[in-house]
Amino acid sequence: MPPSITQQENYLSLEGPIGFGLAILCGLCLLGLFTWSLWREKRILTPRQAALFWILRATALGVVFWLLLAPSNVTVETSTTRKEVVFFTDISGSMQTIDTPGTADDLRWAVSVSASPRSSLIQSVDRATTDILLAHQQLQYADEAVKQRKPESELIETAISAQNALSRAEGYLRSLESRLSQSPSIRERIHKLLEKLDGPELQAFDQLCNSLQKGRTPAERGWRESFSDLQFRIVGIRHSLSELSGIIHLTEQTEISQRTPDLLKSTEGQTRLKKSVSFLNHLDSSALAALTEKADIRFATFDASASRRTGLNQLKATIDSITVADPESPLTLSGTNLSAALETLQREEDRQPLAAAFLLTDVAHNSSVESSPQEIASRLTGIPVYVVPVGSSEHKKDIILQAVSAPKVAMRNDDIVIEVNLQTYECANEVCTVKLMQEGEVIDFREVTLNSNFDSRTIRFERKVPIVGTQQYQVAVEPIQGEFTSENNFDEFEVNVTRNEIKLLLADEMPRWEYRYLAQLFRRDEKVQCDELLYRPRMIATGDRESTKTLPVTLEDWNKYDVVILGDLPPEHFPVAAQESLLEYLKQRGGTLVLIAGREAMPQSYRQSILNEIVPVNPSETAPASAGSSYAFRLTEEGREHPALMIAESDQATQIAWDFVNQFSPVQEVSPWRNPKPSAHTLISVVGRNSRDPAAEVKTNAFLCWQPVGRGRVVYLSGPETYRLRFLRGDQFHHRFWGQLLRWAIASDLMTGSEFVRIRSDKTRYLSHETARVTVQLNDAEERPVSAGQLELRVTSADHERTVPLIPSEDVPGNYFAEINRLPPGVYRAEPIGEAVTNLQQQSPSNEPASASFTVQTKLPRELTEIRCDRSLAQQIAGLTGGQVLPPTAVEEVLQLTNLDPIVTEMIERRPLWLEWKYLWIVFGCLQFEWIVRKWKGLS
């Protein structure tokens, strides 16, 4: 049935100051008067003249009465829109969990699909509790309507809804009282609850609602303000009902386990998803069948994303495909994204009004999204979301290695800090051992005593890295007895150790603050050899630049430097020859260029030069900043994980450090050239401190970005502002920022192999769903790049072999790359093969084949390690939308109390049939024609 049905009705309406009957009566009287007056003139009028004048007068009189009746053609368009009820079912990987018996509300799930659920005590008390909660919500809405001076019709509707819910709750409690004749203590509790429901305040409220329902407004003053007082009474009843629910649950569970144990066993061994589907199937054949006449029932699913379904059969087909799927497939291991489900509800409201939405889920939200479920729920105005939690909310005994923080790049002989974050559950008084290993050998360990059942610990290791190259480390926590899983007790990381000597060139036109602090910083650093070049106010040239007092103009001169830092240099001090050789230095040598924007020249003066091609930004399209405006740093998602921005010893300390800089030392000078190109990697953005839309500014306002140029890279700073990192912290942040940036810039090439054939993988460890990328470099005896065709990469492990083509790089001659997708777990050896490779290998003195190795692992995703049902998040979502956290036994009760009446709207269009000048012309024309005839004939 379509969600909206439109009907049209047309009729004629007389909307003038007189009615049709009065018009007829007056018309007959006036016609009689006209006839009498013309009869009196029979001596001077001929019969033909009298008939003509009577017709003219009758016509004018008819038109006048047509105008007085004011007829209109009325079109009434009635649109009836059906409401919709949506059932969203979670089909993520954690919904395949089978909970331990007795931990996941088994009694309620068994009762909810039972053939005779109305005989259940727990179902009656659950429905009564739900009714009381609904009544409390309606009273809150009524109180809010009074405060906001909303229409009285809205106030009356909410009051009557609250009365209906209270009446149903009382009915369930009386039914319980009559059925618990053998339990005097429980009957006494129910009796006290009934006395509260029959109290004078609620009796007065009942009388008030009866009067409002009959259309009579009470004469007593203050009846509108009484809703807030009733809420306190309802809260007390809620608390008493919660206690009663716990007692009845234990009582009925004991009784059922003795009399009908098969009922409880019916849910044993079922996954959370199976419980949800069985419940929906039972609900569809009972309560939902009667509701389809009034509203549309829709079923949908969600995991890491949300999908739209139209019926229960499609839902069953989807769930059956998941049940029989490969346990390690992405479909089975998909995460839980509650935000996607709630966003779908928000979009559906625009298509068809939603009366209610039910989420059957374990509420294990674990997707990284911009908007949290709470944020989206707060925007779902008028759509109550009822969360039916599935699964156990108890923590399993487990030690989770949440994160390992360590620098990704370091210099030889640096002291690095490794921080290990542990989260433990139900491990009080246990002792666990955390090991730091390298190549499988334990190099350090810590014993940690856990003091509580919920504990969070940070373990710190310190190591010196004396060897250049990629250093592989592992962190492992020894499993303790009874631990839920040991899959989350292990992690690996690598540190790229570079040489401990850097030679760089620092050049600028004027001694800006950025230049001054950098020059002082590099002079104090024993690991840095810095050549300086400053043109004004007096020439300063040191090191290799002292003799020429100019920038290098040949590739050989540029190759002396690992990193080149250029400030606000004008084109007259940066000739074309220097730019061309610098470009070759980046592409062939693989050097790093750092450009620091300025007000005068960099980069705006190089629009027509080859330097413009490698600058990673374009001019910003936003209006220029006003004088005195300030900006704040914003680390991008890529920047938060980038080694160059780790300005403290751990990830958490780094985040605190950047927050400190934003608060106390805002950015003051930013170049208009800050809109990143598509090829650029933005690490830090800047946004106005008073920005109204910071999210939009982040994408188009880069402060620190970079892009590859051949084998090298260009780093761009849109303002000379990094010296502000010194504010209130001396040289701590500034020194570490530039130290990490330089370490990243000169990171070891990591290529292995023979003299002429070099090979590397971009990582040494991959997860099974990741793509491995391998690069091969071919050079001849004179170090010239070798171009060749039909090259392949052979990838082998103990039980797997694959060959993929090597694709030549467009930017770097002699470089080839290959991508290998979805490798099974194992240790792999990658080796280039082809005629050109064989020839180069034979020319090598060692004559050893070039190869690289890497490891592919299967890491158990968070979806299957954190499977606890998060009832706290469920309560937040339900509370923000005006819904509830429901047991399955109370879903039908909510459906009974939900207003499913279709929304009826009328659009009335009136088209006046009399509002035209021609009718006045007819009246005046008839009267004027009679006057002309009388004058022409000489009649009086």
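Heads up: the structure comes first, above all this text.
Definitions and cut-offs
Residues numbered from 1 in each chain as written. Predicted model: local features only at pLDDT ≥ 70, side-chain atom pairs only at ≥ 80, totals over all residues. Heavy atoms only, no water. Helix = DSSP H or I, 4+ residues; strand = E, 2+ residues; numbered from the N terminus. Buried < 20%, exposed > 50% of the residue type's maximum accessible area, 1.4 Å probe, protein only. Contact = heavy atoms within 4.5 Å. Areas by Shrake-Rupley, 256 points an atom, 1.4 Å probe, with all protein chains shown as cover. Lys, Arg positive; Asp, Glu negative; His and termini not counted. Charge placed at Lys NZ, Arg CZ, Asp CG, Glu CD. Phe/Tyr/Trp six-rings, centres within 6.5 Å; stacked < 30°, edge-to-face > 60°. Axes fitted to C-alpha atoms, helices over the stretch in contact; angles between N-to-C directions. Parallel < 35°, antiparallel > 145°, perpendicular 65-115°, else oblique. Left-handed = near helix turned anticlockwise from the far one by under 90°. Nonpolar A, V, L, I, M, F, W, Y, C, P; charged D, E, K, R; others polar. Pairing = 2+ DSSP bridges. Core = buried A, V, L, I, M, F, W, Y, C linked by side-chain atoms within 4.5 Å. Salt bridge = Lys/Arg side-chain N within 4 Å of Asp/Glu carboxyl O. Expected span 1.5 Å × (residues − 1). Arc of directions from axis to C-beta. Polar contact = N/O pair within 3.5 Å; in protein donor to acceptor, adjacent residues only side chain to side chain. Patch = residues over 30% accessible without salt bridge, like charges linked within 9 Å, V, L, I, M, F, W, Y side chains within 5 Å. Disulfide = S-S within 2.5 Å.

Draft legend 1. Quick peek at the overall build of the protein chain. A count of helical and extended segments in the protein chain gives 27 helices and 37 strands. Counting only C-alpha atoms and orienting by the principal axes, one finds that the protein chain spans roughly 140 × 100 × 60 Å. Within the protein chain, the fraction of its 940 residues that count as buried is 48%. Considering only intrachain contacts with a sequence separation of at least 6, the fraction spanning at least 24 residues in the protein chain is 77%. Surface exposure of the protein chain reaches about 46600 Å², of which carbon and sulfur atoms provide 50%. Counting 99 positive and 121 negative side-chain charges, the protein chain places the averaged centre of each group 8 Å from the other.

Draft legend 2. Just the packing of aromatic side chains, in detail. Under the counting rule described, the total for this entry stands at 16 aromatic pairs. Both rings, one in Tyr425 and one in Phe454, keep their centres 5.5 Å apart while their planes meet at 45°; by these two values the pair is tilted. Here Tyr425, found in strand E10 (residues 414–425), pairs with Phe454, found in strand E13 (residues 454–465); they are 29 residues apart in sequence, far enough to count as distant. Among the residues examined, Phe454 registers a relative accessible area of 54% and is labelled exposed.

Draft legend 3. Structural view of the packing of helix H5 (residues 152–179) against helix H6 (residues 184–197). Look at H5 against H6: their axes get within 10 Å of each other, and the N-to-C directions meet at 155°. With respect to H6, the axis of H5 lies roughly antiparallel. Where H5 crosses over H6, the handedness of that crossing is left-handed. Facing H5, whose interface residues are Leu166, Glu170, Leu173, Arg174, Leu176 and Glu177, H6 presents Arg187, Ile190, His191, Leu193, Leu194 and Leu197. The residue makeup of the contact of H5 with H6, split by class, is seven nonpolar, one polar and four charged.

Draft legend 4. A look at unusual backbone geometry. With omega at 0°, the peptide bond leading from Arg536 into Pro537 counts as cis. Mapping Pro537 onto the fold places it in the loop between strand E17 (528–534) and strand E18 (540–541). With omega at -5°, the peptide bond leading from Met602 into Pro603 counts as cis. Examined against the element boundaries, Pro603 turns out to sit in the loop between strand E20 (592–596) and helix H18 (611–614). The phi dihedral of Asn429 is positive, around 70°, even though this residue is not glycine. On the secondary structure map, Asn429 appears in the loop between E10 and strand E11 (431–438). On the accessibility criterion, Asn429 (68% relative accessible area) is exposed.

Draft legend 5. Fine view of the environment of Gly639. Structurally, Gly639 can be placed in helix H19 (residues 637–640). Spatially, the C-alpha atom of Gly639 lies 31 Å from that of Gln608, the residues being 31 residues apart in sequence. When residues no more than four places from it in sequence are discounted, the contact partners of Gly639 are Leu645, Thr682 and Leu683.

Draft legend 6. Region of the structure containing the sheet that holds strand E2 (residues 71–81). Strands sit in the order E1-E2-E37 across an open sheet of three strands; the sheet is antiparallel. Taken across any chain shown, the strands that pair with only one partner, and hence form the sheet edges, are strand E1 (4–14) and strand E37 (903–912). Direction aside, the axes of adjacent strands within the sheet are offset by 15° on average. Sheet topology note: the E2/E37 ladder contains 10 bridges and is antiparallel. Considered in E37, the bridge of Val76 is made with Ile908.

Draft legend 7. Molecular detail of the packing of helix H4 (residues 121–147) against H5. H5 packs onto H4 with a crossing angle of 160° between their chain directions and a minimal axis gap of 8 Å. Relative to H5, the element H4 is oriented roughly antiparallel. When you trace H4 past H5, the crossing you get is left-handed. Along the lines of polarity and charge, the residues of the contact of H4 with H5 split into 19 nonpolar, four polar and four charged.

Draft legend 8. Main features of the nonpolar core. In terms of nonpolar packing, the biggest core is built from 69 residues, with Phe87, Leu173 and Phe358 touching the most fellow members. In this view, Phe358 contacts Val85, Val86, Phe87, Phe88, Tyr386, Leu886, Val891, Val894 and Leu895; residues no more than four positions away in its chain are not counted. Counting 45 residues, the second-largest nonpolar core is a separate cluster that includes Ile502, Leu534, Leu704 and Leu725.

Draft legend 9. Representation of the sheet that holds strand E16 (residues 502–508) within the structure. In spatial order, the strands read E18-E17-E16-E19-E20-E26-E25-E24-E22; together these nine strands make up an open sheet with mixed pairing. At either margin of the open sheet sits one strand with a lone partner, and together these are E18 and strand E22 (631–635). Taken together, the five bridges between E20 and strand E26 (residues 712–717) define a ladder with parallel strand orientation. Along E26, the bridge assignment pairs Val594 with Val715. Sitting on the sheet, helix H15 (residues 513–524) touches E16, E17, strand E19 (563–566) and E20, and the angle it makes with E17 is about 150°. Strand contacts of helix H17 (residues 576–589): E19, E20, strand E25 (702–709) and E26, with the helix running at about 130° to E20, the strand carrying the most contacts.

Draft legend 10. The pattern of salt bridges, seen in detail. Per the counting criterion, the structure on display carries 40 salt bridges. The residue Glu84 makes a salt bridge to Arg351 at a minimum N-O spacing of 3.4 Å. Separated by 267 residues along the polypeptide, Glu84 in strand E3 (residues 84–90) and Arg351 in helix H13 (residues 338–351) bring together distant segments of the chain. Assessed through its relative accessible area of 0%, Glu84 is described here as buried. With relative accessibility at 45%, the residue Arg351 sits in the partly exposed group. In this structure, the salt-bridge partner of Arg724 is Glu721, at a minimum N-O distance of 2.3 Å. Among the charged side chains, a network of salt bridges with common partners joins Glu41, Arg57, Glu930 and Arg934.

Draft legend 11. Geometry of helix H27 (residues 917–937). For H27, which comprises 21 residues, the first-to-last C-alpha distance of 30 Å matches the rise-based estimate of 30 Å (1.5 Å per residue) to within 8%. For H27, the full list of buried residues reads Tyr919, Val923, Cys926, Glu930, Val933 and Arg934. One side of H27 carries all its buried residues, which in axial view fall inside an arc of 105°. Turned more than 90 degrees from where H27 packs its buried face, Trp917, Trp921, Phe924, Lys935 and Trp936 sit exposed. For H27, the elements touching its buried residues are helix H1 (20–40) and helix H2 (47–69). Directly beyond the C-terminal end of H27, a positive phi value near 75° is found at Gly938.

Draft legend 12. Highlighting the pairing of strand E32 (residues 801–805). Here five bridges tie strand E31 (residues 792–796) to E32, and the two strands are oriented antiparallel to one another. Residue pairing for E32: Glu792 is matched across the bridge by Pro805. In this structure, the hairpin formed by E31 and E32 is closed by a connection of four residues.

Draft legend 13. Structural detail: the side chain of Arg674. Within the secondary structure layout, Arg674 lies in strand E23 (residues 673–676). A polar atom in the side chain of Arg674 sits 2.9 Å from the backbone oxygen of Ser671.

Draft legend 14. Here's a closer look at a nonpolar patch on the surface. Together, Leu12, Leu14, Phe20, Ile24 and Leu28 line one region of the surface with nonpolar side chains, adding up to about 520 Å² of accessible area. Put simply, the parts of the chain that give the nonpolar patch at least two residues each are E1 and H1. Relative to the elements of secondary structure, Leu28 occurs in helix H1. By relative accessible area, Leu28 is classed as exposed at 56%.

Draft legend 15. Structural view of the state of the cysteines. The final tally for this structure, using the stated rule, is zero disulfides. Sulfur of Cys26: no disulfide; nearest cysteine sulfur belongs to Cys29 and is 6.4 Å away.

Draft legend 16. Just H1, in detail. Taking 1.5 Å as the rise per residue, H1 with 21 residues should run 30 Å; its terminal C-alpha atoms sit 30 Å apart, in good agreement. All of the buried residues along H1 are Ala23, Gly27, Phe34 and Leu38. Projected onto a plane normal to the axis of H1, the buried residues spread over an arc of 35° and lie on a single side. Summarising the geometry of H1, the exposed residues directed more than 90 degrees from the buried face are Gly21, Leu25, Leu28, Cys29, Trp39 and Arg40.

Draft legend 17. Structural context of the side chain of Asp106. Secondary-structure assignment places Asp106 in helix H3 (residues 106–112). Residues in contact with Asp106, not counting those within four places in the same chain, are Thr100, Pro101, Thr267 and Lys275.

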